[in-house]
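For reference, the chains in residue letters:
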Amino acid sequence: MEEKTTTPIKPYYQEGQSKASEVEQMFNAIAPKYDLLNHLLSMNIDKSWRRKAIRALSDLSPLDHILDVATGTGDLAILAHKMLGVPVTGTDLTEGMIEIGRQKVQKLGLQNQIELAKADSEALPFQDNSFDAVTVAFGVRNYAHLDKGLAEMARVIRKGGRMVILEFSKPRTFPMKQLYMFYFKNILPLIGRCVSKDSRAYEYLPESVLAFPDGADFERYLISVGMNPIKRISLTFGIATIYIAEKQ
């Protein structure tokens, strides 16, 4: 039998520290308008995507504590607690986003159930095997080093625990592919500039999505850090994808 070989995974970002600094500064700048633009630019479809991502944990047992990495303003962390009824810890690199998330949590009276803190995805301040599940929504493509960020997430998941990642992807069928590319390259940056007054942030978004190794390419990263991909869910003609993996 011929021995199968695996093609080496190429580095995702070449300049890690400058990438991390750029992302932090950019998201601090747009933090006050981030939620509005998320829902506006996706026509509120992102809300249903998040619900589907959290449902991927509904059959996991035990499920006593969830970590939401790149939590932003806390939408997924809050939704996870509401849907599953378990404590959630959220981390993000950007203090401006975290502060808005804390305000949401306080307004809902969930301070004892949801904790949000600033932390680098490549150096999570938690012990090994601390969480039953780790989630990320629209964050992994911003990691300075994708492999290191995923490895840290895998480290803090218990054996048999689950990783659920919701991320943008690239439609591949006509005419959605063409419509998507036109919207992403022309309409989205224009709306982003008008609402947030930050031109770079919404030029960066399509650039980061187009550069991201989605689909089977991304699952190879999951495998490389000890995760076993068990399901991949394409959303809205391939605009986004949910990746579900278990720790081996």
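Residues numbered from 1 in each chain as written. Predicted model: local features only at pLDDT ≥ 70, side-chain atom pairs only at ≥ 80, totals over all residues. Heavy atoms only, no water.

## Describing a positive patch on the surface
Under the convention used in this document: Within this analysis, patches are made of residues with over 30% relative accessible area and no salt bridge. Like charges are joined at 9 Å or less; nonpolar side chains (Val, Leu, Ile, Met, Phe, Trp, Tyr) at 5 Å or less. Where accessible areas are quoted, they stem from the Shrake-Rupley method and a 1.4 Å probe; at the residue level, only the protein chains shown are allowed to cover. In what follows, salt bridge is the name for a side-chain nitrogen of Lys or Arg lying within 4 Å of a carboxyl oxygen of Asp or Glu. Think of it this way: Lys and Arg go in the positive column, Asp and Glu in the negative one, and His and the chain ends go nowhere. Where a charge lies is defined by one atom per residue type, namely NZ (Lys), CZ (Arg), CG (Asp) and CD (Glu). Secondary structure is summarised from DSSP: a helix means a run of H or I of at least four residues, a strand means a run of E of at least two, and numbering begins at the N terminus for each.
Together, Lys-47, Arg-51, Lys-52 and Arg-55 line one region of the surface with positive charge. Here Lys-47 lies in helix α3 (residues 45–55).

## Observations regarding the packing of aromatic side chains
The test is simple: Any pair of Phe, Tyr and Trp rings, taking the six-membered ring for Trp, is counted once the centres come within 6.5 Å. Such a pair is stacked with planes under 30 degrees apart, edge-to-face with planes over 60 apart, and tilted for the rest. Partly exposed describes any residue whose relative accessible area lies between the buried limit of under 20% and the exposed limit of over 50%, with all areas from a 1.4 Å probe on protein chains only and scaled to the type maximum.
Under the definition given, this model contains 8 aromatic pairs. Taken together, a centroid distance of 6.3 Å and an interplanar angle of 85° make the contact between Trp-49 and Phe-168 edge-to-face. With Trp-49 in helix α3 and Phe-168 in strand β5 (residues 157–168), the pair connects residues that are 119 residues apart, well separated along the chain. Considered together, Trp-49 and Phe-168 belong to a single accessibility category, that of buried residues. Through successive ring pairs, a cluster of aromatic residues spans Trp-49, Phe-138, Phe-168, Tyr-180 and Phe-184.

## Remarks on the nonpolar core
Heads up, the condition is: For the purposes of this section, nonpolar cores are sets of buried Ala, Val, Leu, Ile, Met, Phe, Trp, Tyr and Cys residues that join through side-chain atoms within 4.5 Å. For this analysis, residues touch if any pair of their heavy atoms sits within 4.5 Å.
Core analysis: the largest hydrophobic core is formed by 36 residues, its most contacted members being Trp-49, Ile-66 and Leu-166. When residues of this core are assigned to their parent elements, the largest contribution, 5 residues, is made by helix α4 (residues 75–84). With near-sequence residues (within four places) excluded, Ile-66 lies in contact with Leu-57, Ala-80, Leu-84, Val-86, Pro-87, Val-88, Thr-89, Phe-131, Ala-133 and Thr-135. Of all hydrophobic cores here, the second largest spans 25 residues; its members include Leu-150, Phe-212, Leu-222 and Tyr-243.

## Concerning unusual backbone geometry
Looking along the chain, the bond that leaves Ser-61 and enters Pro-62 is cis, with omega of -5°. Note the cis peptide between Phe-174 and Pro-175, where omega equals 0°. Not every positive phi belongs to a glycine, and Phe-138 is a case in point at roughly 55°. Within the secondary structure, Phe-138 sits in the loop between β4 (131–137) and α6 (146–155). Despite not being glycine, Phe-237 has its phi angle at roughly 65°, a positive value. When you line up the elements, Phe-237 lands in the loop between β6 (227–235) and β7 (240–247).

## Here's the deal with the side chain of Thr-94
Examined against the element boundaries, Thr-94 turns out to sit in the loop between β2 (88–92) and α5 (95–108). Accessibility expressed as a relative area gives 2% for Thr-94, which makes it buried. Discounting residues that sit within four places of it in the chain, Thr-94 has contacts with Val-23, Glu-24, Phe-27 and Asn-28.

## Overview of the pairing of β4
The condition that has to hold: For two strands to count as paired, DSSP must find a minimum of two bridges between them.
Where burial is concerned, most of β4 is hidden: 7 out of the 7 residues are buried. Note that strand β1 (residues 66–69) and β4 share 3 bridges and pair parallel. In the sheet register, Leu-67 faces β4, and the bridge partner there is Val-134. The pairing of β4 with β5 spans 6 bridges and is parallel.

## Here we look at the packing of α3 against α4
As a reminder of what qualifies: Every axis in this analysis is a line fitted to C-alpha atoms, fitted for helices over the stretch in contact. Angles between the N-to-C directions lie between 0 and 180 degrees. Angle categories are assigned with fixed cut-offs, so that under 35 degrees is roughly parallel, over 145 is roughly antiparallel, 65 to 115 is roughly perpendicular, and the rest are oblique. By the definition used in this description, the sense in which the near helix is turned from the far one sets the handedness, with an anticlockwise turn below a right angle giving left-handed and a clockwise turn giving right-handed. The classification used treats Ala, Val, Leu, Ile, Met, Phe, Trp, Tyr, Cys and Pro as nonpolar, Asp, Glu, Lys and Arg as charged, and all other residues, Gly among them, as polar.
Two elements in contact, α3 and α4, have axes whose closest approach is 10 Å; the angle formed by their N-to-C orientations is 55°. Judged by the inter-axis angle, α3 sits oblique to α4. Between α3 and α4 lies a crossing whose hand is right-handed. Contacts from Arg-50, Arg-51, Ile-54 and Arg-55 in α3 reach Asp-75, Leu-76, Leu-79, Ala-80, Met-83 and Leu-84 in α4. A breakdown of the residues in the contact of α3 with α4 according to their chemical character gives 6 nonpolar, no polar and 4 charged.

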